[in-house]
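Fold and geometry: a report
Spelled out, the chains give:
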Amino acid sequence: MVKVAIFASGTGSNFEFIADNQALKDAGLEIEVLVCDRPKAAVIKKAQRRGIPTFIIQPKDFENRSHYEQVIVTELARYQIDTILLAGYMRVITSTLLSEYPMEIINIHPALLPLFPGIHGIEDAYKAGVSVTGVTIHYIDEGVDTGPIIAQQSIPILPDETLEQLESKIHDVEHQLYPKVILNLLNNEKGD
Ligand code: GAR
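Here's a quick rundown of the structure. Residue indices follow the written sequence of each chain, beginning from 1 at its first position. Two thresholds apply to this predicted model, a pLDDT of at least 70 for residue-level local features and 80 or more for giving and counting side-chain atom pairs, whereas whole-chain, interface and lining totals are computed over all residues. Hydrogen atoms and water are omitted, and side-chain values are computed over all heavy atoms in the structure.

Right, let's get into the nonpolar core. Among the nonpolar cores identified, the biggest contains 39 residues, and Phe-15, Ile-18, Ile-31, Leu-34 and Tyr-178 are the most heavily contacted of them. With ten residues, the single largest contributor to this core is helix 7 (residues 163–191). Setting aside residues up to four positions removed in sequence, Tyr-178 forms contacts with Asn-14, Ile-18, Leu-85, Leu-86, Ala-87, Ile-106, Asn-107, Ile-108 and Ile-137. In these notes, a set of buried Ala, Val, Leu, Ile, Met, Phe, Trp, Tyr and Cys residues joined through side-chain atoms within 4.5 Å is what counts as a nonpolar core. Exposed residues in this analysis have more than 50% of their type's maximum accessible area, buried residues have under 20%, and partly exposed residues fall in between, with area computed by a 1.4 Å probe over protein chains only. In terms of nonpolar packing, the next biggest core, distinct from the first, is built from 22 residues, Ile-72, Tyr-79, Ile-84 and Tyr-89 among them. In DSSP terms, a helix is any run of H or I states spanning at least four residues, a strand is any run of E spanning at least two, and both are numbered starting from the N terminus. Here, residues are in contact when the closest pair of their heavy atoms is within 4.5 Å.

Moving on, we get to the side chain of Thr-136. Topologically, Thr-136 is positioned in strand 6 (residues 132–139). When sequence neighbours within four positions are dropped, the list of residues in contact with Thr-136 reads Asn-107, Ile-108, His-109, Ala-111, Leu-112, Leu-113, Ile-149, Ala-151 and Gln-152.

What follows covers the sheet that holds strand 1 (residues 2–8). An order of 3-2-1-4-5-6-7 is seen for the seven strands of this open sheet, with the pairing classed as mixed. Because the sheet does not close on itself, it has two edges, and the strands there are strand 3 (54–56) and strand 7 (149–156). Geometrically, the sheet is characterised by an average inter-axis angle of 20° between neighbouring strands, direction not taken into account. Only when DSSP finds a minimum of two bridges between them are two strands counted as paired. Sheet analysis places strand 5 (residues 105–109) next to strand 6, joined by four bridges and oriented antiparallel. Within strand 6, the residue paired with Ile-108 across the bridge is Ile-137. In this analysis, axes come from line fits to C-alpha atoms, helices being fitted only over the stretch in contact, and the angle between any two N-to-C directions falls in the range 0 to 180 degrees.

Next up on the list: the pairing of strand 2 (residues 29–36). Counting buried positions along strand 2 yields seven of eight residues, so the element is predominantly enclosed. Here strand 2 runs beside strand 3; their pairing, made up of three bridges, is parallel. Counted as the bridge partner of Cys-36 is Ile-56 from strand 3. If the strands point away from the viewer and the path from the first strand over the helix to the second runs clockwise, then the crossover is right-handed. In this fold, the crossover linking strand 2 to strand 3 by way of helix 3 (residues 43–49) has right-handed handedness.

By secondary structure assignment, the location of Glu-161 is in the loop between strand 7 and helix 7. Setting aside anything within four residues of it in sequence, one finds Glu-161 in contact with Tyr-126, Pro-156, Leu-166 and Lys-169.

Attention now goes to the site of the ligand. Only heavy atoms are used to decide nearness, and a residue is near a molecule or strand if one of them lies within 4 Å of it. Within the structure, the ligand sits among Thr-11, Gly-12, Ser-13, Asn-14, Gly-88, Met-90, Ile-108, His-109, Pro-110, Gly-118, His-171 and Glu-174. Counted as a polar contact is a pair of N or O atoms within 3.5 Å, where, for protein atoms, one must be capable of donating a hydrogen and the other of accepting one, and residues adjacent in sequence contribute only when both atoms are in side chains. In this structure, Thr-11 approaches the ligand through a main-chain N or O atom, which is 3.4 Å from an oxygen atom. Residue His-109 places a side-chain N or O atom 3.3 Å away from a nitrogen atom belonging to the ligand. Computed with a 1.4 Å probe, the accessible areas rest on the Shrake-Rupley method; for each residue, only the protein chains presented here act as cover. For the ligand, the protein covers 91% of the area, taking 450 Å² as the surface of the free molecule. Those elements that provide at least two residues to the shell around the ligand are helix 1 (13–19), strand 5 and helix 7. Under the convention adopted here, Pro, Cys and the residues Ala, Val, Leu, Ile, Met, Phe, Trp and Tyr are nonpolar, Asp, Glu, Lys and Arg are charged, and Gly plus all remaining residues are polar. Taken together, the residues of the shell around the ligand break down into three nonpolar, eight polar and one charged.

Here the focus is unusual backbone geometry. Cis peptide bonds are those with omega within 30 degrees of zero, and the linkage from Leu-113 to Pro-114 qualifies with 10°. Looking at the element boundaries, Pro-114 is found in the loop between strand 5 and helix 6 (121–128). In this structure, Met-103 takes a positive phi of about 55° despite not being glycine. Summarising the element assignment, Met-103 is placed in the loop between helix 5 (95–98) and strand 5. Met-103 sits in the partly exposed class, given a relative accessible area of 45%. One non-glycine residue, Asp-145, adopts positive backbone phi at about 60°. Tracing the backbone shows Asp-145 in the loop between strand 6 and strand 7.

Structure below.
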C-alpha cells in the first residue's frame, strides 16, 4: 500500500483521473488526503464526493512560506503519507516540504520541460508558435519545474488549432499519462 496526498489548486480533472483509476487502486495506491490552497476550488467537491478528506490551507494565513508548509508537513504525518502527487498545484514547493519528501514529490506540467515552465505552460507554447508541445511528469526539486524528468509525451500543435483545442488535447494526454506513470512507479517499487 502506498499512501499519497494529492495537492491541487483548481479544477481537479487530473485528480479525478487518478482517484478513479482502478488499476492504481489494485496496485495499492491510497489517496489519503487532498491538500488545496484555494477554498473555492472545484477539486474540493470532487474529493468530498469520493469520501477523500480535504485539507484546505492558504499561505496568506501564515507569516511565511516555511510556516505554511510546516503545517502541511504535520498534517501529512497524521496520514503517514509516502508520496505527494501535484495535480495542478500552482505554488512553488520549498525546502520545508521537500526535505521531508526528497524525490517523493511528483508533478505534472503541460509542456515539454525545460521549455515553457511556470503556470501558463500551454499558452506560452501556443503563443511562441512552436509546432510541438506536450506533457511532462517529473520529480520536484528546489527549482521551478526543473526536477528530474520521469516521462514526457509530445503533442503536435496544428497550424489552424485554437488555444482551447490545444488545451483540450493536452488535458486528454495528461489524464492518460499521469495514472500510467504512477502505475509504473508503483510496479517498479514492488520489484525492488
Ligand atoms: C494541468 O494542466 C496541469 O498540468 C497544470 O494545471 C492543470 C490542472 O488541471 N499544472 C501546471 O501548470 C503546473 N505548473 P486540473 O486541475 O484539471 O487537473
